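The primary structure of each chain is shown beneath.
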Amino acid sequence: MALSDLQPADLAAFADTQRAAYDELTAKGLKLDLTRGKPSSAQLDLSEGLLRLPTGHTAADGTDVRNYGGLTGLPELRAIFADLLGTSPANVVAQGNSSLTLMHDTLVQSLLYGRPGSVDPWGVEEEVRFICPVPGYDRHFALTDRLGIEMVTVPMTDEGPDVEAVAALVADDPSIKGMWLVPTYANPSGSVCSERVARALASMPTAAPDFTILWDNAYAVHHLTEVETPTADILSLCAEAGNPDRVVVFASTSKITFAGAGVAFLAGSEATVAWFLKGLAFSSIGPDKVNHLRHVEFFGDADGVRAHMRKHRELIAPKFAEVQRVLAERLGGHDVAEWNDPAGGYFVSLDVLDGTASRVVELAKEAGIALTPAGASFPYGDDPRDRNIRLAPTLPPVEEVTAAMDAVATCVLLAAAEKLGA
Ligand code: PLP
């Protein structure tokens, strides 16, 4: 029965039951963590073979990968990831271990020098604003804020950002220079940007001639089911719409091989790639091509990556299933929470009763369960409805996921009962 339909005496009794469960929980002295989307040790072990590679040091074109040079990255690795990203190798750059660094560099270059199509560097404008679909990735927002770019939110829907809201904002405001988007299995909503939304984003009129979509495809191949949904082909859609330079695509192997020692990729139009390399040439004589070759030898081709990701799926899908099971069993029917059942990615987004997310996180902390701070998935840490909590179940073993989710459910129910006046 919905908690809000209970008579006061029944609600008080319900709250007492949850308080007793909560007291039992705190007495257990738990120490569990559902905060960061990191691969587990078992997932990292899948790539252990990398530590014995490469066996050689010569690239397909005869380049000695141990030496300087090759700013664009090893061609054979770019070919593998071009296939996975649905574009051609000429449109892909392979670099160091972090795509977030490439996003940072893209924004800094845009602020200092402008993008293809810019009249001036973004930084000389009085105001630079960016659209942020919410809930979204906390590090995107922290980076944007750090660079002095003002953030404007739009809701994330089941098929990507609310594209009508985006189109209305960009149509006549030239200070809106771009937007963030995680198109596939978004962090944390799990939504996948539909072809319809991607096409609208690619073709919508924008007041800023250099409006740029930062298309962070971090979870392109991170399927949790057998349905391996492809990402919309945003580069072709932008080109077809006559806006070839509108998008910069990012990806990495952080959650494919080693999160700390993988390879990051940037993709874009010919002009975007040339623009990025021009800036990069001042800060690098070339990326770690030994690591590039190591990854080429390890995977062989794009199908090698796909097969590898199925092994990840086997390890993490049961953890996501456990999150769903516990949430459904404990919270179903009480009408105090909603959550998504993602088909991929690393997160579950839990919306609790309005005004209780901070309380849930606080209760969980006192019971020894670390949750991502309430509001983390919103610009400036401000969730106006104080309801969203991001859950990251990949790192802990499945028994810990069960225990942590059971504890979270108790905290959600207790906080809801308190809010309803118990
Ligand atoms: N983009 C998204 C959406 C993420 O969720 C993460 C990590 O959680 C990253 C980027 C980080 O990528 P990288 O490790 O390549 O810097």
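The notes below deal with the structure included here. What you see is a predicted model, and the numbers here were worked out from it, not measured in a lab.

## Structural notes on the overall build of the protein chain
So, point 1. Counting secondary structure elements, the protein chain contains 13 helices and 13 strands.
So, point 2. Scaling as 2.2 N^0.38, a compact globule of 422 residues should have a C-alpha radius of gyration of about 22 Å, and the protein chain matches this with 23 Å.
So, point 3. Taking the principal axes of the C-alpha coordinates as reference, the protein chain spans close to 75 × 55 × 35 Å.
So, point 4. For the protein chain, the proportion of contacts with a sequence separation of at least 24, taken over those separated by at least 6, is 76%.
So, point 5. Of the roughly 17,300 Å² of accessible surface on the protein chain, 52% is carried by carbon and sulfur atoms.
So, point 6. Each charge class in the protein chain can be summarised by its mean position, and for the 33 positive and 56 negative side chains these summaries are 5 Å apart.

## Quick word on the sheet that holds strand E10 (residues 337–339)
So, point 1. The sheet built from 3 strands is open, its strands ordered E10-E11-E13 with antiparallel pairing. Of all strands in the sheet, those with a lone pairing partner are E10 and strand E13 (388–391), marking the two edges. Shown here is a sheet whose adjacent strand axes are inclined to one another by a mean of 20 degrees, direction ignored.
So, point 2. Sheet topology places strand E11 (residues 348–352) next to E13; 4 bridges connect them, and they run antiparallel. Counterpart to Asp351 in the pairing with E13 is Asn388.

## Quick notes on the packing of aromatic side chains
So, point 1. As enumerated under the stated definition, the model contains 6 aromatic pairs in all.
So, point 2. Taking the centre distance of 4.2 Å and the plane angle of 20 degrees together, the rings of Phe81 and Phe265 count as stacked. One end of the pair, Phe81, is in helix H3 (residues 75–85); the other, Phe265, is in strand E9 (residues 264–267), and 184 residues separate them in sequence. Across the pair, exposure class does not vary: Phe81 and Phe265 are buried alike.
So, point 3. Among the aromatic side chains, those forming a connected cluster through ring pairs are Trp122, Phe130 and Trp180.
So, point 4. Geometry around Trp275 places Arg115 over its ring, the cationic atom sitting 4.8 Å from the centre.
So, point 5. Looking at Lys255, its charged tip hangs above the ring of Tyr346, at a distance of 4.9 Å from the centre.

## Examining the site of the ligand
So, point 1. In the vicinity of the ligand, 13 residues are found, and the nearest of them are Ser99, Asp216, Tyr219, Ser254 and Lys255.
So, point 2. Contact between the ligand and Asp216: a nitrogen atom at 2.5 Å from a side-chain N or O atom of the residue.
So, point 3. Separating an oxygen atom of the ligand from a side-chain N or O atom of Tyr219 is a distance of 2.6 Å.
So, point 4. When the ligand sits alone it has 400 Å² of accessible area, and the protein chains cover 88% of it.
So, point 5. Examining the composition of the shell around the ligand, we find that 3 residues originate from one element, helix H4 (residues 99–113), more than from any other.
So, point 6. For the shell around the ligand, the per-class residue count stands at 6 nonpolar, 5 polar and 2 charged.

## Quick look at the pairing of strand E7 (residues 212–216)
So, point 1. With 5 of 5 residues buried, E7 is to be regarded as a mostly interior element.
So, point 2. Residues of E7 alternate between two faces, with Thr212, Leu214 and Asp216 on one and Ile213 and Trp215 on the opposite face, all of them buried.
So, point 3. In this region the chain leaves strand E6 (residues 176–181), passes through helix H7 (residues 195–203) and returns to the parallel neighbour E7; the handedness of that crossover is right-handed.
So, point 4. Across 4 bridges, the pairing between E7 and strand E8 (residues 247–252) is parallel. What sits directly across from Asp216, in E8, is Phe250.
So, point 5. Chirality of the crossover, the property in question, places the unit of E7, helix H8 (residues 234–240) and E8 among those that are right-handed.

## Observations concerning the packing of helix H6 (residues 163–171) against H7
So, point 1. Where H6 meets H7, the axes come as close as 10 Å, and the angle between the chain directions of the two elements is 5 degrees. Viewed along their axes, H6 and H7 adopt a mutual orientation that is roughly parallel. Residues Val163, Glu164 and Val166 of H6 form the contact with H7, whose own contacting residues are Arg196, Val197, Ala200 and Leu201.
So, point 2. Of the residues contributing to the contact of H6 with H7, the split by class is 5 nonpolar, no polar and 2 charged.

Rules used in this analysis
- Residues numbered from 1 in each chain as written.
- Predicted model: local features only at pLDDT ≥ 70, side-chain atom pairs only at ≥ 80, totals over all residues.
- Heavy atoms only, no water.
- Helix = DSSP H or I, 4+ residues; strand = E, 2+ residues; numbered from the N terminus.
- Rg over C-alpha atoms; globule rule 2.2 N^0.38 Å.
- Contact = heavy atoms within 4.5 Å.
- Areas by Shrake-Rupley, 256 points an atom, 1.4 Å probe, with all protein chains shown as cover.
- Lys, Arg positive; Asp, Glu negative; His and termini not counted.
- Charge placed at Lys NZ, Arg CZ, Asp CG, Glu CD.
- Pairing = 2+ DSSP bridges.
- Axes fitted to C-alpha atoms, helices over the stretch in contact; angles between N-to-C directions.
- Phe/Tyr/Trp six-rings, centres within 6.5 Å; stacked < 30°, edge-to-face > 60°.
- Buried < 20%, exposed > 50% of the residue type's maximum accessible area, 1.4 Å probe, protein only.
- Lys NZ or Arg CZ within 6 Å of the ring centre and 35° of its normal.
- Near = heavy atom within 4 Å.
- Polar contact = N/O pair within 3.5 Å; in protein donor to acceptor, adjacent residues only side chain to side chain.
- Nonpolar A, V, L, I, M, F, W, Y, C, P; charged D, E, K, R; others polar.
- Right-handed = clockwise from strand over helix to strand, strands pointing away.
- Parallel < 35°, antiparallel > 145°, perpendicular 65-115°, else oblique.

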